[in-house]
Amino acid sequence: MENPLVSILLITMNHEKFIEQAVLSAINQGYPNLEIIFLDNNSVDHTYEIAERTFQNSKIPHQLIRNKENHGVSKNLNIMLSFATGKYVAILSGDDWWKENLITEKVAFIGLGYDFVLSDGYKYLEETGETIPVYTQKEKDKIINTLPRFFKENVVANKTANVGTFIKRDLLVKHPFDENINTEDWDMNLRMTHLGYKLGFIDQKLFYYRILPSSLSRKWDVMEESYHKVTSKYLDYIKTDKTLYKKYLLQKLMFKYEILLSKIDHDSEKKQMIKTWRTEKIRIKYKQPIQFFKIILNRFS
């Protein structure tokens, strides 16, 4: 049985508490033909040293890269790709980890005729130590059932967790990561499906996605900028579909008001702002004036 070479791209920055677990989950994969490209994005803690020590006893071919300055995730992934030689690429962040069979399962699955593959997994809540499914059953069913129209379903909002993204390397060589975008995983999924490449989904929990307390405090202005950069590529397409365009406007509205709310300290002002937000949402959802005013009256009477 053929076991094509898989390149694991392990990217990290200031993950000294977690990097050993991530590295071990890569080198302990049950798959027999691997190489690991490790990149530390100029960490100011001991991430690199811990990773270097963890790799010492591994027989898996590996290359360690240590940036002298910070780069964005997309640029770092493109740098790592330039060193990769595998038929397939699997991407791992230094604060996440995989089950031992992730690579084996994804190699087998992509061989069924797919170009890139996602899977089910777990969220690990660092603050409480709780492990929960990354998707509800309803969310997962929708992803699986709508795979043939993945681009349309995700073009105005990302609905997938991309831990352990698995893809043919030549696709990323032809269509590299956009270095101007922070949400590189969402952008990659849209780019590949828009170009007609086939996405598959494995209904197995194969990864652990670590949620840090800092992950919960969203930087809405950064997210809004990234959202604009991704969706602007497909805005003509979005505008041709009334439902999609409405969803797009609602997403833009969310960013607008989340940014405003993040700058307000007083509860009374926040409550008033939320009311204004609700009114604008209803105005977008219901274009007919009579229907709009009926809803307003019911909501606020």
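For the structure itself, consult the block above.
Residues numbered from 1 in each chain as written. Predicted model: local features only at pLDDT ≥ 70, side-chain atom pairs only at ≥ 80, totals over all residues. Heavy atoms only, no water.

1. Topic: the pattern of salt bridges
Alright, step 1. Taken as a whole and judged by the stated rule, the model has 16 salt bridges.
Alright, step 2. Overlapping salt bridges, with partners in common, bring together Asp120, Lys140, Asp203 and Lys205 in one network. (Salt bridge = Lys/Arg side-chain N within 4 Å of Asp/Glu carboxyl O.)

2. Some thoughts on a positive patch on the surface
Alright, step 1. Together, Lys271, Lys275, Arg278, Lys281 and Lys285 make up a region of like positive charge exposed at the surface.
Alright, step 2. Summarising the element assignment, Lys271 is placed in helix α12 (residues 267-285). (Patch = residues over 30% accessible without salt bridge, like charges linked within 9 Å, V, L, I, M, F, W, Y side chains within 5 Å. Areas by Shrake-Rupley, 256 points an atom, 1.4 Å probe, with all protein chains shown as cover. Lys, Arg positive; Asp, Glu negative; His and termini not counted. Charge placed at Lys NZ, Arg CZ, Asp CG, Glu CD. Helix = DSSP H or I, 4+ residues; strand = E, 2+ residues; numbered from the N terminus.)

3. What about the nonpolar core?
Alright, step 1. Judged by nonpolar contacts, the single largest core of 60 residues is most densely connected at Val6, Leu9, Trp98, Ile103 and Phe166.
Alright, step 2. Residues Ile181, Trp220, Phe255 and Ile259 belong to the second largest nonpolar core, which totals 16 residues. (Core = buried A, V, L, I, M, F, W, Y, C linked by side-chain atoms within 4.5 Å. Buried < 20%, exposed > 50% of the residue type's maximum accessible area, 1.4 Å probe, protein only.)

4. Brief notes about the packing of helix α1 (residues 19-27) against helix α2 (residues 47-55)
If you want to describe how two helices pack, look at the angle between their axes and the distance between the axes.
Alright, step 1. The N-to-C vectors of α1 and α2 enclose an angle of 30 degrees; their axes lie 9 Å apart at closest approach. Between α1 and α2, the interaxial angle falls into the category roughly parallel. Both α1 and α2 take part in a crossing whose hand is right-handed. Mapping the contact onto sequence places Ile19, Glu20, Val23, Leu24 and Ile27 in α1 and Thr47, Ile50, Ala51, Thr54 and Phe55 in α2.
Alright, step 2. In terms of residue class, the contact of α1 with α2 is built from seven nonpolar, two polar and one charged. (Axes fitted to C-alpha atoms, helices over the stretch in contact; angles between N-to-C directions. Parallel < 35°, antiparallel > 145°, perpendicular 65-115°, else oblique. Left-handed = near helix turned anticlockwise from the far one by under 90°. Contact = heavy atoms within 4.5 Å. Nonpolar A, V, L, I, M, F, W, Y, C, P; charged D, E, K, R; others polar.)

5. A look at helix α8 (residues 184-194)
Alright, step 1. Of all 11 residues that make up α8, nine are buried, and the element is covered over most of its length.
Alright, step 2. Where α8 terminates, the next one or two residues include Gly196, which has phi positive at roughly 100 degrees.

6. Observations regarding the side chain of Asp45
Alright, step 1. When you line up the elements, Asp45 lands in the loop between β2 (34-40) and α2.
Alright, step 2. Despite its burial, Asp45 pairs with no opposite charge; the closest candidate is Arg66, at 7.7 Å N-O.
Alright, step 3. Residues in contact with Asp45, not counting those within four places in the same chain, are Asn14, His15 and Glu16.

7. Quick notes on the environment of Gly121
Alright, step 1. Secondary-structure assignment places Gly121 in strand β6 (residues 116-125).
Alright, step 2. Between the C-alpha atom of Gly121 and that of Asn78, which follows or precedes it by 43 residues, the distance is 25 Å.

8. Some remarks on the pairing of β2
Alright, step 1. Buried residues dominate β2, accounting for seven of its seven residues.
Alright, step 2. Residues Leu34, Ile36, Phe38 and Asp40 point to one face of β2 and Glu35, Ile37 and Leu39 to the other, with burial holding for every one of them.
Alright, step 3. Taken together, the seven bridges between strand β1 (residues 6-12) and β2 define a ladder with parallel strand orientation. Its bridge partner lying in β2, Val6 is registered against Leu34.
Alright, step 4. Following the chain from β1 across α1 to the adjacent parallel β2, one finds a crossover that is right-handed.
Alright, step 5. Both β2 and strand β3 (residues 62-66) contribute to a ladder of five bridges, which runs parallel. Looking at β3, one finds that Ile37 is bridged to Gln63. (Pairing = 2+ DSSP bridges. Right-handed = clockwise from strand over helix to strand, strands pointing away.)

9. Regarding unusual backbone geometry
Alright, step 1. The phi dihedral of Asn14 falls on the positive side, at around 55 degrees, and the residue is not glycine.
Alright, step 2. If you trace the backbone, Asn14 turns up in the loop between β1 and α1.
Alright, step 3. Judged by its relative accessible area of 32%, Asn14 falls in the partly exposed class.
Alright, step 4. The backbone of Asn42 shows a phi angle near 60 degrees, a positive value even though the residue is not glycine.

10. Things to note about the packing of aromatic side chains
Alright, step 1. Under the definition given, this model contains 16 aromatic pairs.
Alright, step 2. Taken together, a centroid distance of 5.8 Å and an interplanar angle of 75 degrees make the contact between Phe38 and Phe55 edge-to-face. Placement of the pair is Phe38 in strand β2 and Phe55 in helix α2, with a sequence separation of 17 residues.
Alright, step 3. Through pairs of rings, three or more aromatic residues link up here, namely Trp186, Trp220, Tyr227, Tyr245, Tyr248 and Phe255.
Alright, step 4. Across the ring face of Tyr122, the terminal group of Lys205 is positioned such that the distance to the ring centre comes to 5.8 Å.
Alright, step 5. The residue whose ring lies beneath Lys281 is Trp277, and the NZ or CZ to ring-centre distance is 5.2 Å. (Phe/Tyr/Trp six-rings, centres within 6.5 Å; stacked < 30°, edge-to-face > 60°. Lys NZ or Arg CZ within 6 Å of the ring centre and 35° of its normal.)

11. Here we look at the environment of Thr276
Alright, step 1. Turning to its location among the elements, Thr276 is positioned in helix α12.
Alright, step 2. A C-alpha to C-alpha distance of 48 Å links Thr276 and Phe109, two positions 167 residues apart in sequence.

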